[in-house]
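This is what each chain is made of:
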Amino acid sequence: MKNINIYLDRARRLTHELFTQRFTKGADLEVGFIYDKIVPIPYEEAVNATFKPIKIGDCWAENWGCAWFKFKGEVPKEYQGQKVGVIIDIAGEGLYFKDGSPRVAITYKRDNHHHIGKAWVPLFDVAEGGEEIDLLFDAGANDLFGAKDEKYILKQAQVAYLNEDKYELNLDMRVLIALAEQLEQDSTRFQKVLYGLNEVCNLYKEGQGIKECLKITKELLSKPANASELTVYSIGHAHLDLAWLWPIRETRRKGGRTFSTALRMMDEFPEYKFGASQPQLYEWVKQDYPQLFEEVKEAVKAGRWELQGAMWVEPDMNISGGEALVRQCLYGKKLYMDEFGKDVRNLWLPDVFGYSAALPQILKKSGVDYFMTQKISWNETNKFPHHTFYWEGIDGTQILTHFLPTNDYNLANWPEQLRNASKRYAQSDVSDEFLNLYGIGDGGGGPGRLHIEFGKRQQNLEGTPKFKFAFAEEFFEKINQIPKEKLPTWVGELYLEYHRGTYTSQALMKKYNRLLELTLRDVEFLAVMANKMPKQEIDEIWKNTLLNQFHDILPGSSIKWAYEDAHKMSEENLTKLSEIKDDLMKNMFGEGDDAYYLVNSLSWDREELLVMEESEITVPVTIPAMGYVKIDKAELAQLHGVSKLDLDVVDFDFHLENNVLSIDFDSETGEIISMYDKEAHRETLKGKANTLLLWEDKPNNWDAWDINHFYLETTPEQAKLVSAKVISQSNDLVKVEMKFTVGESTITEIITLEENSRQLTIESEVDWKENRKMLRVAAETSIHKGEATYEIQYGSLKRPTHDNTSWDAAKFETAAHRFADLSEPDYGFALLNDCKYGHRIRDNVMELTLLRSPKYPDPDCDMRVHNFTFAYMPHMGDYTHSEVLQAAHELNSPVMIHLGGKESVSDRSCFRIEQNSANPAIQVKIETVKPSEDGKDTIIRLYETCGRPVDVTLFSETVWSKIVETNLLEAGDEVVAESTNCLDLGFTPYEIRTFRLIK
């Protein structure tokens, strides 16, 4: 019997020999360079600069250095008739410029298994010999995945020609060997492939028999695929993280490298098709490389380049707010339409960390019909059962969804990969095709020649699925023809059982995001009130905010440099918004110090207790829905209910009480040991609340990304109470300051209880100095319920509080926005927050994850002073019959206060909702009031909050000539009312509705 491995090893050795001989290399090129340690050098400066000589083996940069290289030489006469180019290896990334525009990129990236790199730059298809070589390259001292922590050496710069027969035979043999490795060894196909490969080795004879060898390999590759083989719709792709292990500065350069390389591959391969997502990336390329951008536009027009993904970036889906996801679609689709005249109808998210159950409705109402990802294949506990299916959101909307059965978005097109994906494809019984994204990604770059060559050889090859060069849109339209009843449906969130630490890491980034989303909302509402919209400035701030929602920035998984940039951008934008807000209020209320104008951007009347610090008084005040109330400064002290604030009280007997709650604290630990509801006559705690615990946090692999369940098997350190005192009180409120230490960190809490309030608010300041630790706060309630309610975008979601199944147990850390609630049918307990997302609710214990301290990829992650607020709120009724949503949104959207003097109207309500039920819960919230994108009208967006149908009436202070219902992108012409200031509306559970108000 033959030893099969001996024959395969023989073929592998010849394949390697062919690979090393595919180029005939000539003399080294003459090389010069210019260099800057930090800042990229503009092209205009480089072309006029004096270049310093450098030799092979010399160091040209350290991490993140920027340079330009000139390579000079001449094509040897003996290369006449050959395909001639250069081989350049600078140990970093480079981009060849010709006539002021990028042409093609080189990169240090090597794939050891497939030998896929980008160092060869072809120059002459048929050289005459003697041609002058004078090349200009922009260079970055980083590789595909950021800094290498080493010096960057000029490794190679040679003129060479391609030995095309050896190149072809190498590729043929690599595909055939890879195929043989996957075939059953007793199959006829395997025996014929093995025999043919051995014949190639016999006939090669140091290259003399290469023509005969190619006849054998081409014959073996010509055997057609079985009729029942699946078709692999394959699109060249370069997933490019807009920041990750590199800063945005470098991403912009990576965009030029990636896009130029894709265009050059199109020049070489007529069948090749490429696609790129993220309109933000296209905008950068337009700004930085305008000639290249025009080439991309031509490729799109010619049907060679696919625009992918309707959103501005590929954002995090757990933390980004609902309105932000709408704007991701609005700005994304607008750029594609404005620049290319194309409407992109797919959501392209190959690499984000879970998917909100609110997404199907947001997508469908934004003109998106298809959704693609693969990340759920990373689940560490449960295998997701479907690949092509309908995904149903919280409101019942369904969207056709495809999970890549390749389990990857960076495929090399290796036969093993395609065969395994075909075997894995769960819907192969009703679908004859699946989607494949191939090429080098994450750090960009996209397909190289070998990716495309592998695909060409498997278009119709016995033993592999049928590789098809195709756009993803063609694939989506194909699977859309499958009768809906033949595909499965998945209801609810697509929870990724991995990367749960991203709900918490880089806390300041998450806080800035929440602030920006809500401040943008306020400013747009004020712009409608003031009839003045600084649209250009607002658009720019929105785009910056959406950029920082990218799935490695907002989740907390990027390097320190990325956060320095993102924090600076966020701070500048918050300053701009503050200035715009002040300007709009001055426009409405004038300047002066005659009166306070208290503006409420929420869609219900607010009963607020305002603390006027300068006068040391507290003022109970009612502010109309989506409007304001005016309080004359001179009359402030005479207002009914005003009480003096005492700032000198220090005694604290570890008890707080108002007319609703009676609260006791443990004098030794500072924990809350009782929170008694005097109206309901029940204790809301079974154990203690405000228990601050420091846990071990050492995940197995992905430091900033992950929280592993085994932290629960360790013993946490409880924070120690240092001091407690009352710091202020009046008839309307009391504030207590408590200080704790835990680990190397200190915690200061300001605990506030107001009269008539069910909410105990805890403002926290943490000087965080830990190493791979996690700070959590826990409350052991007296509520018994098998599921809890969590706020998500445009609604809420119920999740189990038990571990009955592996699917339940895997959700040991989950995301929520402003609140989580645990309720029995008639009573509940809510946990509110102003900038936190990670939650754990098991049995009757509610936990909020406050801070983490991972050390990779940012060793200084969250090592700073943090300020945040959370609150406990026992309440009557379950969540859907309580005021939890109002309280959570009021905590996050403080009243806007302006000191002015112009406006004579004492109060005003621009919009309000009358709910046709006695339910204390706000079932319909006005989420957005903004000027329309065309600047002509007003847009108002509302959603149902409780998951129950309801009828409401929308009132406006203005009589509108027409009210038109639109989609989320403000498109639509259905007139629903004319000449009216009120509108009767019916909402289905969690329904989002948008209207254009025309004067």
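Whatever comes next refers back to the structure up there.
Okay, so let's go over this structure. Predicted, not measured: the structure shown is a model, and the values here were computed from it. (Residues numbered from 1 in each chain as written. Predicted model: local features only at pLDDT ≥ 70, side-chain atom pairs only at ≥ 80, totals over all residues. Heavy atoms only, no water.)

**A short note on the overall build of the protein**
Heads up, the rule is: Numbering of helices and strands starts at the N terminus; helices are DSSP runs of H or I of at least 4 residues and strands are runs of E of at least 2. Restricting the calculation to C-alpha atoms gives the radius of gyration, and the globule rule supplies 2.2 Å times the number of residues raised to the power 0.38. Every residue pair with non-hydrogen atoms within 4.5 Å of one another is taken to be in contact. In this description, accessible areas are obtained by the Shrake-Rupley approach with a 1.4 Å probe, and a residue is regarded as covered only by the protein chains that are shown. Counting rule applied: Lys, Arg positive; Asp, Glu negative; His and chain ends not counted. Every charge is mapped to an atom, namely NZ of Lys, CZ of Arg, CG of Asp or CD of Glu.
Each helix and strand in the protein was counted, giving 18 helices and 55 strands. Against the compact-globule benchmark of 30 Å for 999 residues, the protein has a radius of gyration of 32 Å, which places it among compact chains. Seen through its C-alpha atoms, the protein measures out along the principal axes to roughly 105 × 65 × 65 Å. When contacts within the protein are restricted to residue pairs at least 6 apart in sequence, those whose partners lie at least 24 apart make up 75%. Counting every atom, the protein has about 36900 Å² of accessible surface; 46% of that belongs to carbon and sulfur. Within the protein, the 160 negative side-chain charges are centred at a point lying 7 Å from the centre of the 115 positive side-chain charges.

**A short note on empty space enclosed by the protein**
Using the following cut-off: Using a grid of 1 Å spacing that covers the protein atoms alone, one calls a set of points a cavity when a 1.4 Å probe fits there but cannot get out, and a pocket when the set is open and has protein on both sides within 12 Å along at least five of seven lines; lining residues are those with an atom within 4 Å of a point. Grid points are joined across faces, edges and corners, and a volume is the space filled by probe spheres set on the points. Lys, Arg, Asp and Glu make up the charged group, whereas Ala, Val, Leu, Ile, Met, Phe, Trp, Tyr, Cys and Pro make up the nonpolar group; the residues left over, Gly among them, are polar.
Summed over all chains, the structure comprises nine cavities of 30 Å³ or more. Of the voids in this model, the largest cavity is the one considered here, and its volume is about 250 Å³. Along the walls of the largest cavity sit 20 residues, with Gly321, Gly322, Glu323, Arg818 and Glu927 positioned nearest its centre. Contributing elements (two or more residues each) for the lining of the largest cavity: helix H9 (322-340), helix H14 (507-530), strand E40 (787-792) and strand E51 (924-931). Considered class by class, the residues forming the lining of the largest cavity number seven nonpolar, five polar and eight charged.

**Some details on the nonpolar core**
Using the following cut-off: The set of buried Ala, Val, Leu, Ile, Met, Phe, Trp, Tyr and Cys residues whose side-chain atoms join them within 4.5 Å is what this entry labels a nonpolar core. Accessible area is worked out with a 1.4 Å probe on protein chains only. A residue is then buried under 20% of its type maximum, exposed over 50%, and partly exposed in between.
Ranked by internal contacts, the top residues of the largest apolar core, which has 172 residues, are Tyr282 and Trp305. Ranked by residues supplied to this core, first place goes to H14 with 12 residues. Core analysis: the second largest hydrophobic core is formed by 51 residues, Leu656, Met675, Ala788 and Cys835 among them.

**Topic: the sheet that holds strand E1 (residues 23-28)**
Sheet strands pair via backbone hydrogen bonds, and the direction of the pair is either parallel or antiparallel. Threshold: The pairing criterion for strands is at least two bridges between them, as found by DSSP. Where helices are involved, their axes are fitted lines through C-alpha atoms of the stretch in contact, as for all axes, and angles between N-to-C directions lie from 0 to 180°.
Taking strand neighbours across the sheet as the criterion, the four strands line up as E1-E13-E6-E10 in an open arrangement whose pairing is antiparallel. The open sheet terminates on both sides in strands that have one partner only, identified here as E1 and strand E10 (120-124). Within this sheet the neighbouring strands show an average axis-to-axis angle of 30 degrees, counted without direction.

**With respect to the packing of helix H6 (residues 248-268) against helix H8 (residues 290-301)**
Selection rule: Just so you know how the angles are binned, under 35 degrees is roughly parallel, over 145 roughly antiparallel, 65 to 115 roughly perpendicular, and the rest oblique. Left-handed describes a crossing in which the near helix is turned anticlockwise from the far one by less than a right angle; the clockwise case is right-handed.
Two elements in contact, H6 and H8, have axes whose closest approach is 10 Å; the angle formed by their N-to-C orientations is 45 degrees. Judged by the angle between their axes, H6 and H8 are oblique. Judged by the twist between their axes, the crossing of H6 over H8 is left-handed. For the pair H6 and H8, contact is made by Gly256, Phe259, Ser260, Leu263, Arg264 and Met266 and by Leu292, Glu295, Val296 and Ala299, respectively. Residue composition of the contact of H6 with H8, by class: six nonpolar, two polar and two charged.

**Structural notes on the sheet that holds strand E28 (residues 643-644)**
Read across the open sheet, the three strands follow the order E25-E26-E28; overall the sheet is antiparallel. The sheet terminates laterally at strand E25 (606-612) and E28, the two strands that pair on one side only. Of the strand pairs in this sheet, strand E26 (residues 617-623) and E28 are connected by two bridges, and their pairing is antiparallel. Across the sheet, the residue bridging to Ile617 is Lys644, located in E28.

**A closer look at the packing of aromatic side chains**
Aromatic ring pairs are described here by two measures, namely the spacing of the ring centres and the angle between the planes. Here is the rule: Each Phe, Tyr or Trp ring (for Trp, its six-membered ring) is paired with any other whose centre lies within 6.5 Å, and the angle between the two planes then decides the class: stacked below 30 degrees, edge-to-face above 60, tilted in between. Lysine and arginine charges are scored as sitting over a ring when NZ or CZ, respectively, is within 6 Å of the ring centre and within 35 degrees of the ring normal.
The final tally for this structure, using the stated rule, is 52 aromatic pairs. Measuring from ring centre to ring centre gives 5.8 Å for Phe69 and Phe71, while their planes differ by 15 degrees; the resulting arrangement is stacked. For the pair Phe69 and Phe71, a shared accessibility class is recorded, and that class is buried. Between the aromatic rings of Phe652 and Phe654, the centroid separation amounts to 4.9 Å while the plane-to-plane angle is 40 degrees, which identifies the pairing as tilted. Looking at Phe652, the relative accessible area reads 13%, which means it is buried. Each member of the aromatic cluster is reached from another via a ring pair, and the members are Phe145, Trp244, Trp246, Trp378, Tyr498, Trp702, Trp705 and Tyr856. Lying across the ring of Tyr790, Arg799 places its NZ or CZ 4.6 Å from the centre. Taking the ring centre of Phe955 as reference, the NZ or CZ of Arg912 above it sits at 4.4 Å.

**Some remarks on the pairing of strand E13 (residues 156-162)**
By the criterion of burial, E13 is predominantly enclosed, with seven of the seven residues buried. Here E13 shows no split at all, with Gln156, Gln158, Ala160 and Leu162 on one side and Ala157, Val159 and Tyr161 on the other all buried. Relative to E13, E1 runs antiparallel, the two being bridged by four bridges. Within E13, the position partnered with Phe23 by the bridge is Leu162. Of the pairings in the sheet, the one linking strand E6 (residues 84-89) to E13 comprises six bridges and is antiparallel in character.

**Remarks on the pattern of salt bridges**
Convention followed: The salt bridge criterion pairs a side-chain nitrogen of Lys or Arg with a carboxyl oxygen of Asp or Glu, the two atoms within 4 Å.
Tallying each qualifying case throughout the model produces 68 salt bridges. Measuring nitrogen to oxygen at the nearest pair gives 2.5 Å for the salt bridge that ties Asp677 to Arg758. With a gap of 81 residues between them, Asp677 in strand E31 (residues 672-677) and Arg758 in the loop between strand E37 (745-754) and strand E38 (760-767) connect regions that are remote in the sequence. In this pair, the class of Asp677 matches that of Arg758, namely buried. Ionic pairing is found between Glu763 and Lys735, a salt bridge with its closest N-O pair at 3.7 Å. Of this pair, Glu763 sits in strand E38 while Lys735 is found in strand E36 (residues 733-742), placing the two residues 28 residues apart along the sequence.

**Section: the side chain of Asn658**
As a reminder of what qualifies: A 3.5 Å cut-off defines polar contacts: any pair of N or O atoms within that distance qualifies, except that in protein one atom must be a possible hydrogen donor and the other a possible acceptor, and neighbouring residues in sequence count only when both atoms are side-chain atoms.
Inspection of the secondary structure assignment puts Asn658 in the loop between strand E29 (655-657) and strand E30 (661-665). There is a polar contact of 2.8 Å between the side chain of Asn658 and the backbone nitrogen of Val660. Polar side-chain contacts of Asn658 include one of 2.7 Å to the backbone oxygen of Glu754. With near-sequence residues (within four places) excluded, Asn658 lies in contact with Lys678, Leu753, Glu754, Glu755, Asn756 and Ser757.

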